[in-house]
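# Examining the three-dimensional arrangement
Each chain is listed here by its residues.
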Amino acid sequence: MQSTPVKRPGMIVHEQEPYNAEPPRAALAEHVITPVETFYGRNHGTIPRLDATSWRLRIDGLVEQPVELSLDELQTRFAHHEVTATLQCAGNRRAGLMAYRDIPGQHPWGAGATSTAVWRGVRLADVLTAAGLAPGATDIAFEAPDIAPEAEPTQAYGGSIPTIKATAPEVLLAWEMNGEPLSTAHGAPVRVVVPGFIGARSVKWVERITAQDRPSQNFFQQGAYRLLPADTDTERIQAGDGVALGPVALNSEILTPDDGEHLAAGPVVVTGYAFAGDDREVVRVDVTADGGATWVQADLEAQPSPWSWRFWHTSLHVPAGPVQITARAWDSTAAVQPEHPATVWNPKGYINNSWPTVTVTVVADNDLRDAESPEGS
Ligand code: MTE
């Protein structure tokens, strides 16, 4: 049965069915823990409504003892854990790549295909231990029941992560998001949460977990969410081409002011997020309003957890007229974001982590009133 997500008004809806939507920048900037109604939604098929009482999770493959768990068994047999983690879709900020060179057939996600929540559930590691991982289990694959028409051939959604990540303490089988039962749209009754990896690996509505000696053969592991060279002949892509995406690349965005905004003269407060995937940390964010001639170091706000994004803010003096504001983040390995979308452009439009920019116009107060009410009313 189809289920429509409950979201705040003003979401940027890229597709109604399957539901794909992101919050506008200003909405994302309101809370470092994103309210569920603001959290982006990314779906490859119709959202399934599963019955929590008949739902079962099967753990099989290279295990000593296949296990089948009801929701009640999952919740009573294993210790509960909470992790605050940012999910970031590999397609986040694709619009910036498309502005450089078009990417037909893909959603033009802006700054908001990423959000942060407090997830509660059990460690995947504990469940795998109960089944007894056999030697040679290099990858842990997930299967869900939602059918993705775009997959070739059409199939249910799935994917995998390396066992070394699957057995790390931050990876959860979660039934709670921000203190509320997980909603249908975000994967109820149980979803995988893989902090630090692209959102695609956090499989919703998970029903089967298989330990195996190779990555998942699912379309979303072998055909999509792979990084292909810019000159790939897209008519001839084969399963397994390119590189499967896992840990999230260092990225950042400007959330306020919005692109195209008219601002009063005076200091301009600039805010945004920065996120370094897996076990890396954001250590610095620089902001420029003069094309990089001078950079101001932004103030980094407290990071809710090692697995979450970091909000930042600063205040800039900018001259009157149109001004481009640009940011760049650095992580704990001294990596910095690449400057231009051309550097990272790829045929499916993943991982645009080039420097974010917004163009604003700074005007005198009178001119601002005119700009806000062009009819003079
Ligand atoms: N899980 C299933 N079963 N089906 C999906 O389409 N989309 C994935 C992932 N898990 C998906 C899925 C992708 S691409 C992302 S970015 C995240 O879920 C989005 O999670 P959200 O919709 O809760 O924000």
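Look above for the structure.
Anyway, here's the lowdown on the structure attached to this text. (Residues numbered from 1 in each chain as written. Predicted model: local features only at pLDDT ≥ 70, side-chain atom pairs only at ≥ 80, totals over all residues. Heavy atoms only, no water.)

### Some words on the overall build of the protein chain
Operational definition: Segments assigned H or I by DSSP are reported as helices when at least four residues long, segments assigned E as strands when at least two residues long, and all are numbered from the N terminus. Each radius of gyration is computed over the set of C-alpha atoms, and the globule rule expresses the reference value as 2.2 Å times the number of residues to the power 0.38. Accessibility here uses a 1.4 Å probe with only protein chains present; expressed as a share of the type maximum, an area under 20% marks a residue as buried, one over 50% as exposed, and anything in between as partly exposed. Here, two residues are considered to be in contact whenever any of their heavy atoms come within 4.5 Å of each other. Here the open area of atoms and residues is found with the Shrake-Rupley method and a 1.4 Å probe, where only the protein chains shown may cover a residue. Note on charges: Lys and Arg go in the positive column, Asp and Glu in the negative column, and His and the chain ends are not counted at all. Taken as the charge location is NZ of Lys, CZ of Arg, CG of Asp or CD of Glu.
Helix and strand counts for the protein chain come out as eight helices and 23 strands. The C-alpha atoms of the protein chain give a radius of gyration of 22 Å, which matches the 21 Å a tight globule of 377 residues would have. Of all 377 residues assigned to the protein chain, the portion counted as buried reaches 54%. Here the contacts in the protein chain between residues at least 6 apart in sequence split such that 71% fall between residues at least 24 apart. On the protein chain, roughly 15,900 Å² of surface is accessible, and the fraction owed to carbon and sulfur atoms is 51%. Between the centroid of the 27 positive side chains of the protein chain and the centroid of its 46 negative side chains there is a distance of 5 Å.

### Things to note about empty space enclosed by the protein
Test applied: Lining residues are defined by having an atom within 4 Å of a point belonging to a cavity or pocket. Those points lie on a 1 Å grid over the protein atoms alone, cavities being sets where a 1.4 Å probe fits but cannot get out and pockets being open sets with protein on both sides within 12 Å along at least five of seven lines. Grid points are joined across faces, edges and corners, and a volume is the space filled by probe spheres set on the points. Classes in brief: Ala, Val, Leu, Ile, Met, Phe, Trp, Tyr, Cys and Pro nonpolar; Asp, Glu, Lys and Arg charged; the others, Gly included, polar.
This structure, assessed with the given rule, holds three cavities of 30 Å³ or more. Here the largest cavity defines a volume of roughly 240 Å³. Surrounding the largest cavity, 20 residues form its lining, R42, R191, G199, S202 and K204 being those nearest its centre. Here the lining of the largest cavity is composed, by residue class, of 10 nonpolar, six polar and four charged. Of the pockets and cavities examined, the second largest cavity occupies roughly 40 Å³. If you go around the second largest cavity, the residues you meet are Q88, C89, A90, N92, I198, V248, N251 and I351. Across the lining of the second largest cavity, the residue classes break down as five nonpolar, three polar and no charged.

### Quick notes on the site of the ligand
Condition: The rule for a residue being near a molecule or strand is that one of its heavy atoms must lie within 4 Å of it. Polar contacts, as used here, are pairs of N or O atoms within 3.5 Å; protein pairs need one atom able to donate a hydrogen and one able to accept it. Residues neighboring in sequence count only if both atoms are side-chain atoms. Whether a molecule sits in a cavity or pocket is decided by its atoms, more than half of which must lie within 2 Å of the grid points.
Around the ligand there are 19 residues in total, and Y40, D146, H186, R191 and K204 lie nearest to it. Note that an oxygen atom of the ligand is positioned 2.9 Å from one of the backbone N or O atoms of H44. A distance of 2.7 Å separates a nitrogen atom of the ligand from a polar atom in the side chain of D146. Protein coverage of the free-state accessible area of the ligand, which is 540 Å², stands at 100%. Spatially, the ligand is embedded in the largest cavity. Split by residue class, the shell around the ligand holds nine nonpolar, six polar and four charged.

Function cannot be read off these values alone, since they describe shape.
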